[in-house]
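# Structure assessment
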Amino acid sequence: MTLDTIATIANIMASGAVVLTLVFIGLQLRQNAHLTRMAAAQTSAQLLSANMGRVTESGDLAEILTRDAGHTSWTRSEFLRVSNFLSISFRHFEVLHTHRRFGVFEDELWEGSEARLRESLSDPDIRAWWAASRLVYARSFVKYVDKLSAELEVAQAMSMMGQD
């Protein structure tokens, strides 16, 4: 065996090792992406549970949020409580929206979160709070929520047309 033959065999083996290393790295990246998505979903569930627990465990907050007179009947301290609760809720939705945009949060999971967001925005008092608070959120999220809010306002106006 000549030195050239040995060098060629060594180069082939080195190339094979590089290919195997790249395959291994690719598998590791894929697994890491999967774990990242799973962690985002888990964090989302924990945040949602903690925030919804505020209403579940605090009857007076639930009463404030469902009061017939709405935001016009809230005292300053009640407005502060509701505003902080909504800030936490909408920050959570903002994070999920951003994760979805970047492919970290699965579309299937986002559908449930979006349904919860729509449910919140169906309340005129929450839409009024959003209009006053939207400046502290990311532009892409504001655009998204404004679109949902406008759709809900039109749907509610149309449903009221035949009731006069």
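What comes next concerns the included structure. Just so we're clear, the structure is a prediction, and the values are computed from it rather than from any experiment.

### Focus on the packing of aromatic side chains
- This structure, assessed with the given rule, holds eight aromatic pairs.
- Where W74 meets F79, the ring centres are 6.4 Å apart and the plane angle is 40 degrees; that geometry is what we call tilted.
- On the basis of relative accessibility, which here comes to 11%, the residue W74 falls in the buried class.
- Judged by relative accessible area, which is 42%, F79 ranks as partly exposed.

### Focus on the side chain of S120
- Its location among the elements puts S120 in helix 4 (residues 107-121).
- For S120, a relative accessible area of 18% corresponds to the buried category.
- The residues touching S120, leaving out its near neighbours within four places in the chain, are F93 and I126.

### Observations regarding the nonpolar core
- F90, L117 and W130 are the most contacted members of the largest nonpolar core, which totals 24 residues.
- Looking at this core, the elements that each hand over two or more residues are helix 2 (59-66), helix 3 (76-101), helix 4, helix 5 (124-133) and helix 6 (139-161).
- Ignoring anything within four residues of it in the chain, the contact list for L117 reads F90, F93, Y144, V145 and L148.

### Examining the packing of helix 2 against helix 3
- Where helix 2 contacts helix 3, the axes come no closer than 10 Å and their chain directions differ by 95 degrees. In this view, helix 2 runs roughly perpendicular relative to helix 3, as classed from their interaxial angle. Counting all contacts with helix 2, which are made through D60, L61, I64 and L65, the residues of helix 3 involved are E78, R81, V82 and F85.

### Remarks on the pattern of salt bridges
- Tallied over the full model, the rule gives ten salt bridges.
- Across the pair E78 and R67 runs a salt bridge whose closest N-O atoms are separated by 2.8 Å. Here the residue E78 occupies a position in helix 3, and R67 occupies one in the loop between helix 2 and helix 3, the gap between them amounting to eleven residues. An identical accessibility class is assigned to E78 and R67; each is buried.
- One salt bridge connects K147 with E151, and the closest N-O pair in it is separated by 3.3 Å. Here K147 pairs with E151, and both are found in helix 6, just four residues apart, close to one helical turn.
- Among the residues examined, K147 registers a relative accessible area of 51% and is labelled exposed.
- Relative accessible area serves as the criterion here: at 33%, E151 is assigned to the partly exposed category.
- One salt-bridge network, in which partners are shared between bridges, spans E63, R67 and E78.

Rules of the game
- Residues numbered from 1 in each chain as written.
- Predicted model: local features only at pLDDT ≥ 70, side-chain atom pairs only at ≥ 80, totals over all residues.
- Heavy atoms only, no water.
- Phe/Tyr/Trp six-rings, centres within 6.5 Å; stacked < 30°, edge-to-face > 60°.
- Buried < 20%, exposed > 50% of the residue type's maximum accessible area, 1.4 Å probe, protein only.
- Helix = DSSP H or I, 4+ residues; strand = E, 2+ residues; numbered from the N terminus.
- Contact = heavy atoms within 4.5 Å.
- Core = buried A, V, L, I, M, F, W, Y, C linked by side-chain atoms within 4.5 Å.
- Axes fitted to C-alpha atoms, helices over the stretch in contact; angles between N-to-C directions.
- Parallel < 35°, antiparallel > 145°, perpendicular 65-115°, else oblique.
- Salt bridge = Lys/Arg side-chain N within 4 Å of Asp/Glu carboxyl O.

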